[in-house]
Amino acid sequence: MPERIERNMGAEAMRAATGRTHAQWRDLLQEAGALEWTHRQIADWLVAEHGVEPWWSQGITVDFEQDRKGRLPGQQADGTFAVSRTKTVPGERLEALAAVRAAVDARHGAAHGENLAAAQPVVRWRLADGTRLAAAAQAPNKTGTPVNLTIEKLPDAASVDAAKDEIEQIFGSVAG
């Protein structure tokens, strides 16, 4: 099970970037009525009313939802769950993505969509169980290209471990 965002988004980093602690943001949001707001409304309010950078507004929103609204770690705003892992694959961006794509295609069939011209090229699959899988290639580094695999639309927290195993098996079968 993923950890709560507060454990991944350190207290000092939060205060330095936003001027408030996790607890201060939670209290401010609750006082503003955010228990009744959607995820998007909270994040947008933080940006518009408090000048929070969008990346930090997402983290503050998830932290608030986990602490005050019962959102579980790994749970998305729509109630489903997602799991994500990154592995550096030998080769340039499109070459590394093609290697991962071949491994996923061998397990799940042809992709249903791609955007290879994007700043972060991506390939997407709709899996038989109703979940979705995406492979995205990041900027290459000295040893290859980090490729991120994400499985989303998992129905519950109990499906997270199996999805992590699936990602590990895919990465384990990548030629390279």
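Residues numbered from 1 in each chain as written. Predicted model: local features only at pLDDT ≥ 70, side-chain atom pairs only at ≥ 80, totals over all residues. Heavy atoms only, no water.

Our next topic: the overall build of the protein chain. Regarding its fold elements, the protein chain presents seven helices and five strands. The C-alpha extent of the protein chain, read off along each of the three principal axes, is 50 × 35 × 25 Å. Per-residue burial for the protein chain yields a buried fraction of 39% across its 176 residues. Considering only contacts in the protein chain between residues 6 or more positions apart, those separated by 24 or more positions represent 52%. As displayed, the protein chain has an accessible area near 9,500 Å², and 49% of this comes from carbon and sulfur atoms. Taking the average location of the 20 positive side-chain charges in the protein chain and that of its 24 negative ones, the two points are 2 Å from each other. (Helix = DSSP H or I, 4+ residues; strand = E, 2+ residues; numbered from the N terminus. Buried < 20%, exposed > 50% of the residue type's maximum accessible area, 1.4 Å probe, protein only. Contact = heavy atoms within 4.5 Å. Areas by Shrake-Rupley, 256 points an atom, 1.4 Å probe, with all protein chains shown as cover. Lys, Arg positive; Asp, Glu negative; His and termini not counted. Charge placed at Lys NZ, Arg CZ, Asp CG, Glu CD.)

This part covers the packing of aromatic side chains. Taken as a whole and assessed by the stated rule, the structure comprises two aromatic pairs. Over the ring of Trp-25 we find Arg-20; its NZ or CZ atom is 4.7 Å from the centre of that ring. (Phe/Tyr/Trp six-rings, centres within 6.5 Å; stacked < 30°, edge-to-face > 60°. Lys NZ or Arg CZ within 6 Å of the ring centre and 35° of its normal.)

Reading across the sheet, the five strands line up as β1-β5-β4-β3-β2 and stay open at both edges, with antiparallel pairing between neighbours. Bordering the open sheet on either side are β1 (81–89) and β2 (113–115), each of which pairs with just one other strand. The average undirected angle you get between the axes of adjacent strands in this sheet is 15°. For β2 and strand β3 (residues 122–126), the ladder comprises three bridges, and the chain directions are antiparallel. Note that in β3 the partner of Gly-113 across the bridge is Arg-124. Lying over the sheet, helix α6 (residues 93–108) contacts β1, β2, β3, β4 (132–137) and β5 (145–154), oriented at roughly 40° with respect to β5. (Pairing = 2+ DSSP bridges. Axes fitted to C-alpha atoms, helices over the stretch in contact; angles between N-to-C directions.)

For the rest of this paragraph, the subject is the environment of Phe-171. One can find Phe-171 in helix α7 (residues 160–172). Owing to a relative accessible area of 4%, Phe-171 belongs among the buried residues under this scheme. Measuring from C-alpha to C-alpha, the distance between Phe-171 and Thr-86 comes to 9.0 Å, with 85 residues separating the pair along the chain. Non-local contacts of Phe-171, meaning those with residues more than four positions away in its chain, are made with Arg-85, Thr-86, Lys-87, Val-100, Val-147 and Leu-149.

According to the stated counting rule, one finds 11 salt bridges in the structure shown. Note that Arg-101 and Asp-105 form a salt bridge whose closest N and O atoms lie 4.0 Å from each other. Remark: Asp-105 and Arg-101 occur in helix α6; sequence separation between them is four residues, near one turn of the helix. Assessed through its relative accessible area of 23%, Arg-101 is described here as partly exposed. In this structure, the salt-bridge partner of Arg-107 is Glu-166, at a minimum N-O distance of 2.7 Å. Here Arg-107, found in helix α6, pairs with Glu-166, found in helix α7; they are 59 residues apart in sequence, far enough to count as distant. Owing to a relative accessible area of 38%, Arg-107 belongs among the partly exposed residues under this scheme. (Salt bridge = Lys/Arg side-chain N within 4 Å of Asp/Glu carboxyl O.)

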